[in-house]
Amino acid sequence: MTFTFYGHACFGIDTGSEKLLFDPFLTGNGAASVTAEDVPADYILISHGHGDHFGDADAIATRTGAEVVAIPEVLGMFTRTPAAEHPMNLGGSVELPFGRVTMTPALHSAGVAGGVACGFLIQFKNGVNFYYSGDTALFSDMALIGKKAPIHYAALPIGDNYTMGPEDAVAAARLLGAKRVIPIHYNTWPIIAQDPERFAALAEEAGVAAHILAPGETLSLEK
Ligand code: NI
Ligand code: MN
């Protein structure tokens, strides 16, 4: 199973059978390593309605026929009805072919009227547990997410200004009990400029391994 960073908060997880695509903001994202025309997807998971997360979801869902997993308000943003939709809401879990998906709370604005921002905890069938916080502030209930399952990887924003910065992302990793963190949502624009090496050093001091990926780089996920 592999994780590929596409830039900003967009990434893919390939289980070997299914291709999951998260927050597909590619067009207009100068850091993107793939185009909306080429990125593969069997499932598209969307954390909230902001343009740097919803992004190209409409076009990619139409091209690929991927099943879209999101809150109902975000599903309502599609102008072309996806071939398959899976509405969820905070605290809910569902068994999908690749594993169990739990929609987790996030402290962030929704980007769509009536909605909320969310994250995802995915307990893959191969035993790897992966958490994507979405855009969020630090919140102490992250400890509860870490109690649901031992988190092998947490993809966390470190850009500051709109989300957690590096220090809070390290605190988040500790609350989660995450073994490894993948920093995202930084350096796309000057306002979220961060030094990922400084983040990695802070994480290491806290006993958490950081995997810094440049857009286009792939990481093999293991327990
Ligand atoms: Ni946002
Ligand atoms: Mn964002």
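Residues numbered from 1 in each chain as written. Chains lettered and ligands numbered in written order. Predicted model: local features only at pLDDT ≥ 70, side-chain atom pairs only at ≥ 80, totals over all residues. Heavy atoms only, no water.

S.K.: Sorry if this is basic, but what is going on with the side chain of T4 here?
M.R.: Topologically, T4 is positioned in strand β1 (residues 2-7). Side chain to side chain, T4 and T218 meet in a polar contact 2.7 Å long. For T4, the contacting residues outside a window of four places in its chain are F11, G12, G216, E217 and T218. (Helix = DSSP H or I, 4+ residues; strand = E, 2+ residues; numbered from the N terminus. Polar contact = N/O pair within 3.5 Å; in protein donor to acceptor, adjacent residues only side chain to side chain. Contact = heavy atoms within 4.5 Å.)

S.K.: I tried to follow the packing of aromatic side chains on my own but got confused; where do I start?
M.R.: A full pass over the atoms with the stated rule returns 11 aromatic pairs. Consider the rings of F3 and F11, whose centres lie 4.9 Å apart with planes at 20°: the pair is stacked. For the pair F3 and F11, a shared accessibility class is recorded, and that class is buried. Ring centres 5.9 Å apart and planes at 40° place the aromatic pair F98 and F124 in the tilted group. (Phe/Tyr/Trp six-rings, centres within 6.5 Å; stacked < 30°, edge-to-face > 60°. Buried < 20%, exposed > 50% of the residue type's maximum accessible area, 1.4 Å probe, protein only.)

S.K.: Hey, could you run me through the coordination of the nickel ion (ligand 1) in this one?
M.R.: Looking at the nickel ion (ligand 1), one finds its protein donor set to be H48 (NE2), H50 (ND1), H108 (NE2) and D135 (OD), positioned 2.2 to 2.4 Å from the metal centre. Here the nickel ion (ligand 1) binds 4 donor atoms, and the angle range of 88 to 178° at the metal identifies the geometry as irregular. All donors to the nickel ion (ligand 1) come from one chain, and their sequence spacing reads H-x1-H-x57-H-x26-D. In this structure, the nickel ion (ligand 1) lies 3.2 Å from the manganese ion (ligand 2), and both are coordinated by D135. Note that H48 is positioned in the loop between β4 (43-45) and α1 (51-54) and D135 in the loop between β10 (129-132) and α4 (142-148), a separation of 87 residues in sequence. For H48, a relative accessible area of 0% puts it in the buried group. (Donors = N, O, S within 2.8 Å, 3.2 Å for Na, K, Ca; no water. Tetrahedral: all angles 85-135°; square planar, octahedral: opposite > 155°, others 65-115°.)

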